[in-house]
Amino acid sequence: MTDTQSIRRYREQPQQIRTIRLGDSGSTIEVLADPDQTSGNMSLYRWCMVPSSTGPAPHFHTTFSETFIVEEGEVDYFDGLAWRTLRPGDTAHAAAGDVHAVRKERGEGATLLMALSPGVPREEYFAALATTDERDLSRLHAAHDNHFPDDER
């Protein structure tokens, strides 16, 4: 099978987007491409943040990089040194090991794409965030390669 045939076969299959609700807040994560669909090269998610969404504290990953592309609204991105505002079309990248964070402090929603490379199946992690109680969060984060600099001391 040639690469063209592989691409054609994939396009002929209807795209099924899985939506993960992040608790009762109304924010969601859409799974646009998982590692199985990209031969493990990347994962692609769409994070639809409602006005009350805040985002994670500064953290890093040891096994994958993360790229953020804002589609709608505005978010603040922390690059390990300073916060900056990202607007539609803006991109930010955190290589593996780079401390980063995303937050939203404005009163409107925002939508951003998150591309992870290599591909990492994060669906279970995103779904568990909504239901895991506070005492089990550190275990959940560690199991899914989320590390917080303040916890590393």
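What counts and how
Residues numbered from 1 in each chain as written. Predicted model: local features only at pLDDT ≥ 70, side-chain atom pairs only at ≥ 80, totals over all residues. Heavy atoms only, no water. Core = buried A, V, L, I, M, F, W, Y, C linked by side-chain atoms within 4.5 Å. Buried < 20%, exposed > 50% of the residue type's maximum accessible area, 1.4 Å probe, protein only. Helix = DSSP H or I, 4+ residues; strand = E, 2+ residues; numbered from the N terminus. Contact = heavy atoms within 4.5 Å. Phe/Tyr/Trp six-rings, centres within 6.5 Å; stacked < 30°, edge-to-face > 60°. Polar contact = N/O pair within 3.5 Å; in protein donor to acceptor, adjacent residues only side chain to side chain. Salt bridge = Lys/Arg side-chain N within 4 Å of Asp/Glu carboxyl O. Pairing = 2+ DSSP bridges. Axes fitted to C-alpha atoms, helices over the stretch in contact; angles between N-to-C directions.

A. Molecular detail of the nonpolar core. I29, W47, V75, L112, M114 and F126 are the most contacted members of the largest nonpolar core, which totals 26 residues. At the level of elements, β2 (28–33), β3 (43–49), β4 (65–72), β5 (75–78), β7 (91–94), β9 (110–117), α2 (123–129) and α3 (137–143) are the ones that each hand at least two residues to this core. Per-element tally for this core: the top contributor is β9, with four residues. Leave out the neighbours within four places in its chain, and M114 touches I29, S43, L44, Y45, W47, E66, T67, F68 and F126.

B. Representation of unusual backbone geometry within the structure. Along the chain, S117 connects to P118 via a cis peptide bond; the corresponding omega equals -5°. Summarising the element assignment, P118 is placed in the loop between β9 and α2. Positive phi, normally seen in glycine, also occurs at S39, with a value near 55°. Summarising the element assignment, S39 is placed in the loop between β2 and β3. A positive phi angle is found at D145, which is not glycine, with a value near 60°. You can see D145 is positioned in the segment after α3.

C. Region of the structure containing the packing of aromatic side chains. Counted according to the given criterion, the structure contains four aromatic pairs. For the pair F78 and W83, a centre-to-centre distance of 5.1 Å together with 40° between the ring planes defines the contact as tilted. Geometrically, the ring pair formed by Y125 and F126 is tilted, given 5.8 Å between the ring centres and 55° between the ring planes. In this structure, Y125 and F126 share a single accessibility class: buried. Within the aromatic cluster, the residues linked to one another by ring pairs are Y45, Y125 and F126.

D. Highlighting the side chain of H61. Summarising the element assignment, H61 is placed in the loop between β3 and β4. Of the polar contacts made by the side chain of H61, one reaches the side chain of H59; its length is 3.4 Å. A distance of 2.9 Å separates a polar atom in the side chain of H61 from a polar atom in the side chain of E66.

E. Broad picture of the pattern of salt bridges. In this structure the tally under the stated criterion is nine salt bridges. In this structure, R46 and E30 form a salt bridge, with 2.9 Å as the shortest nitrogen-oxygen distance. Placement of R46 in strand β3 and of E30 in strand β2 is noted, with a sequence separation of 16 residues between them. Taking relative accessible area as the criterion, R46 reaches 21% and is therefore assigned partly exposed. For R139, the salt bridge goes to D136, with nearest N and O atoms at 2.5 Å. Relative accessible area serves as the criterion here: at 24%, D136 is assigned to the partly exposed category. A network of salt bridges, in which partner residues are shared, links E74, D76, R87, R103, E105 and R106.

F. Up close: the sheet that holds β9. Overall, antiparallel pairing links the six strands, which are arranged β1-β2-β3-β9-β4-β7 in an open sheet. At either end of the open sheet lies a strand with only one pairing partner, and these are β1 (18–21) and β7. Neighbour to neighbour, the strand axes of the sheet diverge by 20° on average, direction disregarded. Relative to β9, β4 runs antiparallel, the two being bridged by seven bridges. Paired with E72 across the bridge in β9 is T111.

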